[in-house]
Amino acid sequence: MTLAQQIVTIALVVLGTMLTRFLPFLLFPAGRPTPKYIQYLGKVLPPAVFGLLVVYCLRNVSLLTGSHALPELISIALVIALHCWKRQMLLSIAGGTVCYMLLVQFVF
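For the structure given in this document, a descriptive report is provided here.

Criteria and cut-off values
- Residues numbered from 1 in each chain as written.
- Predicted model: local features only at pLDDT ≥ 70, side-chain atom pairs only at ≥ 80, totals over all residues.
- Heavy atoms only, no water.
- Helix = DSSP H or I, 4+ residues; strand = E, 2+ residues; numbered from the N terminus.
- Rg over C-alpha atoms; globule rule 2.2 N^0.38 Å.
- Contact = heavy atoms within 4.5 Å.
- Areas by Shrake-Rupley, 256 points an atom, 1.4 Å probe, with all protein chains shown as cover.
- Buried < 20%, exposed > 50% of the residue type's maximum accessible area, 1.4 Å probe, protein only.
- Phe/Tyr/Trp six-rings, centres within 6.5 Å; stacked < 30°, edge-to-face > 60°.
- Lys NZ or Arg CZ within 6 Å of the ring centre and 35° of its normal.

Check the secondary structure of the protein chain and you find four helices and zero strands. Counted from the first residue to the last, the protein chain has its helices and strands arranged as α-α-α-α. Relative to the 2.2 N^0.38 estimate, which gives 13 Å for 108 residues, the radius of gyration of the protein chain is 21 Å and therefore markedly larger than a compact globule would have. Viewed in the frame of its principal axes, the protein chain has a C-alpha envelope of about 50 × 45 × 25 Å. Taking as baseline every contact in the protein chain between residues at least 6 positions apart, the subset at least 24 positions apart corresponds to 43%. Entry remark: accessible area of the protein chain is about 9,000 Å², with carbon and sulfur atoms responsible for 75%.

What follows concerns unusual backbone geometry. With a phi close to 60°, H68 is a non-glycine residue in the positive phi region. Within the secondary structure layout, H68 lies in the loop between α2 (36-58) and α3 (70-86). Judged by its relative accessible area of 43%, H68 falls in the partly exposed class. The phi dihedral of A69 falls on the positive side, at around 65°, and the residue is not glycine. Assignment of secondary structure puts A69 in the loop between α2 and α3. Residue classification places A69 among the buried positions, given a relative accessible area of 4%.

Once that is clear, we can look at the packing of aromatic side chains. One pass over the structure, following the stated rule, counts zero aromatic pairs. For the cation-ring pair, R59 lies above Y56, with the distance from its terminal atom to the ring centre recorded as 4.1 Å. Over the ring of W85 we find K86, and its NZ or CZ is 4.7 Å from the ring centre.

Interpretation note: all reported values are geometric properties and have no functional meaning in isolation.
Quick look at the structure:
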(Lines give C-alpha, C1' and ligand atoms only; values in the text may rest on other atoms or scores of the structure.)
Protein backbone atom coordinates (compact mmCIF):
# COMPACT_ATOMS: atom_id res chain seq x y z
CA MET A 1 0.00 0.00 0.00
CA THR A 2 1.18 3.46 -0.78
CA LEU A 3 1.27 6.15 1.88
CA ALA A 4 -1.87 7.76 0.45
CA GLN A 5 -3.73 4.43 0.55
CA GLN A 6 -2.64 3.87 4.15
CA ILE A 7 -3.87 7.32 5.16
CA VAL A 8 -7.22 6.79 3.41
CA THR A 9 -7.60 3.36 5.03
CA ILE A 10 -6.87 4.72 8.50
CA ALA A 11 -9.23 7.65 7.94
CA LEU A 12 -12.05 5.31 6.87
CA VAL A 13 -11.50 3.06 9.87
CA VAL A 14 -11.59 6.09 12.19
CA LEU A 15 -14.74 7.38 10.47
CA GLY A 16 -16.46 3.98 10.75
CA THR A 17 -15.52 3.69 14.42
CA MET A 18 -16.72 7.20 15.23
CA LEU A 19 -19.95 6.63 13.32
CA THR A 20 -20.78 3.45 15.21
CA ARG A 21 -19.92 5.09 18.54
CA PHE A 22 -21.81 8.37 18.09
CA LEU A 23 -24.80 7.31 15.98
CA PRO A 24 -26.84 5.81 18.88
CA PHE A 25 -26.49 9.07 20.83
CA LEU A 26 -27.67 11.05 17.82
CA LEU A 27 -30.60 8.74 17.06
CA PHE A 28 -31.73 8.34 20.68
CA PRO A 29 -31.00 11.51 22.68
CA ALA A 30 -31.18 11.43 26.48
CA GLY A 31 -34.28 13.65 26.71
CA ARG A 32 -36.55 11.38 24.68
CA PRO A 33 -37.82 7.93 25.64
CA THR A 34 -36.26 4.96 23.89
CA PRO A 35 -38.57 3.50 21.22
CA LYS A 36 -40.37 0.29 22.11
CA TYR A 37 -38.75 -1.75 19.31
CA ILE A 38 -35.27 -0.82 20.55
CA GLN A 39 -36.23 -1.90 24.07
CA TYR A 40 -37.59 -5.15 22.61
CA LEU A 41 -34.36 -5.77 20.69
CA GLY A 42 -32.36 -5.07 23.83
CA LYS A 43 -34.37 -7.77 25.60
CA VAL A 44 -34.37 -10.51 22.96
CA LEU A 45 -31.05 -10.14 21.14
CA PRO A 46 -28.65 -11.23 23.92
CA PRO A 47 -30.35 -14.64 24.44
CA ALA A 48 -30.72 -15.03 20.66
CA VAL A 49 -27.02 -14.38 20.12
CA PHE A 50 -26.14 -16.81 22.92
CA GLY A 51 -28.36 -19.47 21.33
CA LEU A 52 -26.75 -18.85 17.95
CA LEU A 53 -23.33 -19.24 19.57
CA VAL A 54 -24.35 -22.60 21.06
CA VAL A 55 -25.61 -23.88 17.70
CA TYR A 56 -22.45 -22.63 15.96
CA CYS A 57 -20.16 -24.29 18.52
CA LEU A 58 -21.97 -27.64 18.42
CA ARG A 59 -22.51 -27.87 14.66
CA ASN A 60 -19.63 -30.31 14.05
CA VAL A 61 -19.95 -32.42 17.20
CA SER A 62 -20.52 -36.10 16.51
CA LEU A 63 -22.10 -38.39 19.08
CA LEU A 64 -20.88 -41.46 17.21
CA THR A 65 -17.13 -40.81 17.03
CA GLY A 66 -14.24 -39.86 19.30
CA SER A 67 -15.18 -38.88 22.82
CA HIS A 68 -18.92 -39.09 21.95
CA ALA A 69 -19.45 -35.39 22.75
CA LEU A 70 -18.75 -35.88 26.46
CA PRO A 71 -16.49 -32.80 26.85
CA GLU A 72 -19.11 -30.65 25.17
CA LEU A 73 -21.98 -32.01 27.25
CA ILE A 74 -20.04 -31.66 30.52
CA SER A 75 -19.09 -28.08 29.64
CA ILE A 76 -22.68 -27.23 28.69
CA ALA A 77 -23.88 -28.61 32.03
CA LEU A 78 -21.28 -26.46 33.80
CA VAL A 79 -22.37 -23.36 31.88
CA ILE A 80 -25.99 -23.97 32.85
CA ALA A 81 -25.08 -24.61 36.49
CA LEU A 82 -22.89 -21.50 36.71
CA HIS A 83 -25.53 -19.34 35.09
CA CYS A 84 -28.29 -20.62 37.37
CA TRP A 85 -26.02 -20.07 40.38
CA LYS A 86 -24.47 -16.63 39.67
CA ARG A 87 -26.53 -15.21 36.76
CA GLN A 88 -23.41 -13.73 35.15
CA MET A 89 -23.00 -14.38 31.43
CA LEU A 90 -19.24 -13.75 31.38
CA LEU A 91 -18.60 -16.16 34.24
CA SER A 92 -20.75 -18.82 32.58
CA ILE A 93 -19.00 -18.51 29.24
CA ALA A 94 -15.51 -18.38 30.75
CA GLY A 95 -16.20 -21.32 33.07
CA GLY A 96 -17.54 -23.47 30.26
CA THR A 97 -14.64 -22.57 27.99
CA VAL A 98 -12.01 -23.34 30.63
CA CYS A 99 -13.76 -26.60 31.52
CA TYR A 100 -13.91 -27.66 27.87
CA MET A 101 -10.26 -26.82 27.23
CA LEU A 102 -9.13 -28.72 30.33
CA LEU A 103 -11.24 -31.75 29.40
CA VAL A 104 -9.97 -31.83 25.83
CA GLN A 105 -6.33 -31.31 26.80
CA PHE A 106 -6.06 -33.59 29.82
CA VAL A 107 -8.96 -36.06 29.94
CA PHE A 108 -10.22 -36.90 26.44
